[in-house]
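Listed below, chain by chain, are the residues.
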Amino acid sequence: MHNDTATTAPPSPAQTPAQQADAALLATTAEARTENAKQITELTDGALEAHIAAHIRGMVAATVAHVAINASHSVQAATEHWQQWALGVAKGFERGESAVA
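This text gives an overview of the structure that appears in the document. (Residues numbered from 1 in each chain as written. Predicted model: local features only at pLDDT ≥ 70, side-chain atom pairs only at ≥ 80, totals over all residues. Heavy atoms only, no water.)

All right, on to the packing of helix α3 (residues 49–65) against helix α4 (residues 73–94) then. At a closest axis distance of 8 Å, the pairing of α3 and α4 adopts a crossing angle of 170°. Classed by the angle they form, the pair α3 and α4 counts as roughly antiparallel. Residues Glu 49, Ile 52, Ala 53, Ile 56, Arg 57, Val 60, Thr 63 and Val 64 of α3 pack against Thr 79, Trp 82, Gln 83, Ala 86, Leu 87, Val 89, Ala 90, Lys 91, Phe 93 and Glu 94 of α4. In the contact of α3 with α4, the residues fall into 11 nonpolar, 3 polar and 4 charged. (Axes fitted to C-alpha atoms, helices over the stretch in contact; angles between N-to-C directions. Helix = DSSP H or I, 4+ residues; strand = E, 2+ residues; numbered from the N terminus. Parallel < 35°, antiparallel > 145°, perpendicular 65-115°, else oblique. Contact = heavy atoms within 4.5 Å. Nonpolar A, V, L, I, M, F, W, Y, C, P; charged D, E, K, R; others polar.)

Our focus in this paragraph is the environment of Gln 19. Assignment of secondary structure puts Gln 19 in helix α1 (residues 17–27). For the pair Gln 19 and Val 75, spaced 56 residues apart in sequence, the C-alpha to C-alpha distance is 9.6 Å.

Within soluble globular proteins, side chains that are nonpolar tend to cluster in buried spots. Within the largest apolar cluster, 11 residues are counted, these being Ile 40, Ile 52, Ala 53, Ile 56, Val 60, Trp 82, Trp 85, Ala 86, Val 89, Ala 90 and Phe 93. Counting only elements with at least two residues in this core, the list comes to α3 and α4. The element contributing the most residues to this core is α4, with 6 residues. Ala 21, Ala 24, Val 75 and Ala 78 belong to the second largest nonpolar core, which has 6 residues in total. (Core = buried A, V, L, I, M, F, W, Y, C linked by side-chain atoms within 4.5 Å. Buried < 20%, exposed > 50% of the residue type's maximum accessible area, 1.4 Å probe, protein only.)

Further remarks concern helix α2 (residues 30–44). Across its 15 residues, α2 extends 21 Å between first and last C-alpha, which sits within 8% of the 21 Å expected from 1.5 Å per residue. Here α2 has its buried residues at Ala 32, Ala 37, Ile 40 and Thr 44. The arc enclosing the buried residues of α2, seen along the axis, measures out at 135°, which places them on a common side. Among the exposed residues of α2, those pointing more than 90 degrees away from its buried face are Glu 31 and Glu 42. The secondary structure elements touched by the buried residues of α2 are α1, α3 and α4. (Expected span 1.5 Å × (residues − 1). Arc of directions from axis to C-beta.)

Below, the structure written as structure tokens:
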């Protein structure tokens, strides 16, 4: 089964800017990166590295696309920080490295 990660739907207005900032900051903590790396490792057992990297990049693109353009500076900064980490994980898989938080 393939889930298309591309969507044209606007970001959900359900979260307030403060809630968005809290979620973005939480996603960049060492604990969150460690948990994300653990989940990536569990999901990728036996998968091809190039496929894993491509999937991670797709997830990053979809996630970043949903950050509102009018999001606060702290949300945008935290999103960029997370994006760089996740893309680094994708590059690591291409080099044959395991997910590193």
